[in-house]
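Understanding the architecture of this molecule
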Amino acid sequence: MIRRLKLAALALSLVLAPIAPALAQTASPPAAAPATAATRLELTAPDGRVIAVSVWQAADERAVVVFSHGFNGSPAAYERILSAWAADGFTVVAPLHVDSLRHPDHDRYDGRAAFSTRIVDLAVARGFVRAAHSGKPIVAAGHSFGSLMSLISGGAVTAAGPLGDPDVKAVIAFSSAGDVPGLVTPESWLGLRTPTLMITGDADLVEGYVADWRDHRRPFDRSPAGDKMLLVFAGADHSLVRNADAGDFDLIVTATTGWLEAYGLGDAPATARLDALTAPDGVTLERR
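What you see is a predicted model; the values in this text were computed from it and never measured. (Residues numbered from 1 in each chain as written. Predicted model: local features only at pLDDT ≥ 70, side-chain atom pairs only at ≥ 80, totals over all residues. Heavy atoms only, no water.)

A few points about the side chain of His69
Condition: Only DSSP runs of H or I with at least four residues qualify as helices, and only runs of E with at least two residues qualify as strands; both kinds are numbered from the N terminus onward. Burial classification: accessible surface area is computed with a 1.4 Å probe over protein chains only, and a residue below 20% of its type maximum counts as buried, one above 50% as exposed, and the rest as partly exposed. In protein, a polar contact requires one atom able to donate a hydrogen and another able to accept it; more generally it is a pair of N or O atoms within 3.5 Å, and residues adjacent in sequence count only if both atoms are side-chain atoms. Note on contacts: a residue pair qualifies if any of its non-hydrogen atoms lie within 4.5 Å across the two residues.
Position of His69 relative to the elements: it lies in the loop between strand E3 (63–68) and helix H2 (79–87). The buried category is assigned to His69, whose relative accessible area is 0%. Of the polar contacts made by the side chain of His69, one reaches the backbone nitrogen of His97; its length is 3.0 Å. Among residues more than four places away in sequence, those in contact with His69 are Ser74, Pro75, Tyr78, Pro95, Leu96, His97, Asp99, Ser100, Arg118, His143 and Gly146.

Describing the environment of Ser150
Within the element layout of this structure, Ser150 appears in helix H4 (residues 145–153). Taking the C-alpha atoms as reference, Ser150 lies 9.2 Å from Val168; in sequence the two are 18 residues apart. Apart from the residues lying within four places of it in its own chain, the contact partners of Ser150 are Ala140, Ala141, Gly142, Val171, Ile172 and Ala173.

Overview of the packing of helix H7 (residues 246–264) against helix H8 (residues 268–276)
Condition: The axes are straight lines fitted to the C-alpha atoms, using for helices just the contacting stretch, and the angles between their N-to-C directions are given from 0 to 180°. In what follows, roughly perpendicular refers to angles from 65 to 115 degrees, roughly parallel to angles under 35, roughly antiparallel to angles over 145, and oblique to any angle outside these ranges. Should the near helix be turned counterclockwise from the far one by less than a right angle, the crossing is left-handed, whereas a clockwise turn marks it as right-handed. Classification used: nonpolar for Ala, Val, Leu, Ile, Met, Phe, Trp, Tyr, Cys and Pro, charged for Asp, Glu, Lys and Arg, polar for all others including Gly.
Their axes nearest at 7 Å, the elements H7 and H8 cross at an angle of 140°. Taken together, the axes of H7 and H8 are oblique relative to one another. Relative to H8, H7 is oriented so that their crossing is left-handed. Taking contact as the criterion, the partners of Ala255, Gly258, Trp259, Glu261, Ala262 and Tyr263 in H7 are, on H8, Ala270, Thr271, Arg273 and Leu274. Looking at the contact of H7 with H8 residue by residue, the classes come out as 6 nonpolar, 2 polar and 2 charged.

Focus: H7
Filter applied, for reference: A helix is expected to span 1.5 Å multiplied by its residue count minus one.
In this model, H7 (19 residues) spans 25 Å end to end at C-alpha, consistent with the 27 Å of a helix rising 1.5 Å per residue. Within H7, 14 of the 19 residues are buried, leaving the element largely enclosed by the surrounding structure. Following H7 by one or two positions, Gly266 has its phi on the positive side, about 70°.

So, the packing of helix H3 (residues 111–132) against H4
Interhelical geometry of H3 versus H4 gives an angle of 55° and a closest axis separation of 11 Å. Considered as vectors, H3 and H4 are oriented oblique to each other. In this structure, H3 crosses over H4, and the sense of that crossing is right-handed. Contact residues: H3 offers Ala114, Phe115, Arg118, Ile119, Leu122 and Arg126, while H4 offers Phe145, Gly146, Met149, Ile152 and Ser153. Here the contact of H3 with H4 is built from residues that sort into 7 nonpolar, 2 polar and 2 charged.

Regarding the sheet that holds strand E1 (residues 39–44)
Sheets are built from strands that pair by backbone hydrogen bonding, the pairs being arranged parallel or antiparallel. Which entries qualify depends on this criterion: What makes two strands pair is DSSP finding at least two bridges between them.
Strand order in this open sheet of 9 strands is E1-E2-E4-E3-E5-E8-E9-E10-E11, and the pairing throughout is mixed. Only two strands of the sheet have a single neighbouring strand rather than two, namely E1 and strand E11 (283–287). Pairs of neighbouring strands in the sheet enclose a mean axial angle of 20°, with direction left out of account. When strand E8 (residues 168–174) meets strand E9 (residues 196–201), the two strands line up parallel, connected through 4 bridges. Paired with Val171 across the two strands is Thr196, which belongs to E9.

Here's what the structure looks like:
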């Protein structure tokens, strides 16, 4: 399975060279110290490459989130939200991708390797979860370039072909990619039938790449209706997930943990709470 994923992803490497840098994350102020700290482990890719993984272990584990960071980023940059999920019972498993500026072999890889190695990283991480957290539901989540990875695992079909994982119960996508020439088309989202929560802002722009924040909502608009939710924060930029103020962050935690409970766990009361969730001033909430 992983070999098939790797070969399909490698076929796109030449197309993707200019794409990954456009989905890079930008700097943000440091977050408050997390309540749940990460531990580190190493997994091995089929080609022998070492994949460093950060794990936020829930004390009373209910499900596992496999998280993919933004281009040039790292799992540590998202500790604020990832530790919040772990504190609520959702263990987080987050690979350090080779495009990360913190990766020790970063200089050995160029942008063309980002997509193919990420596909493998996340497949290996999900395999680890199936073995080490047997029986626990799996949810895919990510930011920016990482959100594209989570959407693919949820069923979106890119030029690499179908690379979805039927074990993924739900998707959470922060600042997702829109249509990406050579990789993502309007039809890509037709395969996204997995319950998906998308979060963005109306100032969520990427210089030289995303000039209209509405590009980030395309997976929501073009995927099949049913179990889809979109939150748009007024004035929020591409780093919302990492630099949200206290009020916005509380809403993000409420919505995402609710999504994990409702669709990761199949919890009916959580689904009812999500259905009743309303957005405060400055935030719009859409469902379809």
